[in-house]
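Structure assessment
Next come the chains, spelled out residue by residue.
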Amino acid sequence: MSITLKQVFNKDKTFRPKRKFEPGTQRFELHKKAQASLSSGVDLRAAVALPHGEDLNDWVAVHVVDFFNRINLIYGTVCEFCTEKSCPVMSGGPRYEYRWQDDHKYKKPTALPAPKYMNLLMDWIEVQINNEDIFPTSMGIPFPKNFIQICKKIICRLFRVFVHVYIHHFDRMILMGAEAHVNTCYKHFYYFSTELNLIDRKELEPLVKPYSLCSALL
């Protein structure tokens, strides 16, 4: 994340603690490589491509964790304005509603207020990325066979945070002067997810049509 972005967003409002990579590990080096590409002004489409000789699972793991941290920070900045009264439904405008389902309390898709949905979503992702059986931190320990499928589900759910923030809380980002930074984060997320086929194109529709808010970015 750039210095400017850190200055725009209040780090104390991060929705969840950051997951970090241990210095000296290959994933830490991949993380630095990815950040260096972003900071150098390289075209984002080029920056997300899998580097030659690198493992796909490692590359995806680094980015999923980084996107979790960034989107965490973005939502943390507006969460005080996202209440059960202002956002009684987790939605992206009148045409798109997201219902929560998990393997525990909500076994069927359930309509929830946006802040409740966000808490469950962030809790669920946090459990995944801190699970050593899914996101191993030690080199030599293999990723599970369904790792990419798990990451697709994480990416899909993280995208819904963008949808809600853009459509229901973007005026707050504009007031903060943060829209350019949110747009850059979204472009990075979009290019990475589509480059590696980690998200269904239908999931992207709320920010392309009927809203034209983000279509210019693409």
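Residues numbered from 1 in each chain as written. Predicted model: local features only at pLDDT ≥ 70, side-chain atom pairs only at ≥ 80, totals over all residues. Heavy atoms only, no water.

Looking up the protein in an unreviewed UniProt entry gives the name MOB kinase activator 3B, with the organism given as Oncorhynchus mykiss.

1. Focus on the UniProt feature "binding site: Zn(2+)" (unreviewed entry) in the protein
UniProt tags Cys-82, Cys-87, His-164 and His-169 as "binding site: Zn(2+)" (unreviewed entry). These residues run over 88 residues, yet every pair of their C-alpha atoms falls within 10.0 Å of each other. Along the polypeptide, Cys-87 turns up in the loop between helix H4 (56-78) and helix H5 (114-129). Excluding residues that lie within four positions of it along the chain, Cys-87 makes contacts with Cys-82, Pro-113, Ala-114, Pro-115, His-164 and His-169. With respect to the helices and strands, the residue His-169 is situated in helix H6 (residues 147-176). A residue is classified by how much of its surface remains accessible, and His-169, at 6% relative accessible area, is buried. If near-sequence neighbours (up to four positions away) are discounted, His-169 is found in contact with Val-78, Phe-81, Cys-82, Cys-87 and His-164. (UniProt positions renumbered as here; feature names shortened; annotations may be inferred. Helix = DSSP H or I, 4+ residues; strand = E, 2+ residues; numbered from the N terminus. Contact = heavy atoms within 4.5 Å. Buried < 20%, exposed > 50% of the residue type's maximum accessible area, 1.4 Å probe, protein only.)

2. Points about the nonpolar core
In terms of nonpolar packing, the biggest core is built from 59 residues, with Phe-135 and Phe-162 touching the most fellow members. Among the secondary structure elements, those contributing two or more residues to this core are H4, H5, H6 and helix H7 (179-195). Broken down by element, this core gets its largest block of residues, 14 residues, from H6. Leaving out residues up to four positions away in the same chain, Phe-162 has contacts with Ile-71, Ile-74, Val-182, Cys-185, Tyr-186, Phe-189 and Leu-207. (Core = buried A, V, L, I, M, F, W, Y, C linked by side-chain atoms within 4.5 Å.)

3. Re the pattern of salt bridges
Scanning the model with the defined rule gives three salt bridges in all. A salt bridge links Glu-97 to Arg-99; its shortest N-O distance comes to 3.2 Å. We classify Glu-97 as partly exposed; its relative accessible area is 40%. Across the pair Glu-203 and Arg-160 runs a salt bridge whose closest N-O atoms are separated by 3.7 Å. Of this pair, Glu-203 sits in the segment after H7 while Arg-160 sits in helix H6, and the two are 43 residues apart along the sequence. Residue classification places Arg-160 among the buried positions, given a relative accessible area of 14%. (Salt bridge = Lys/Arg side-chain N within 4 Å of Asp/Glu carboxyl O.)

4. Remarks on the environment of Phe-162
Checked against the element boundaries, Phe-162 lands in helix H6. On the accessibility criterion, Phe-162 (2% relative accessible area) is buried. Measuring from C-alpha to C-alpha, the distance between Phe-162 and Cys-185 comes to 9.7 Å, with 23 residues separating the pair along the chain.

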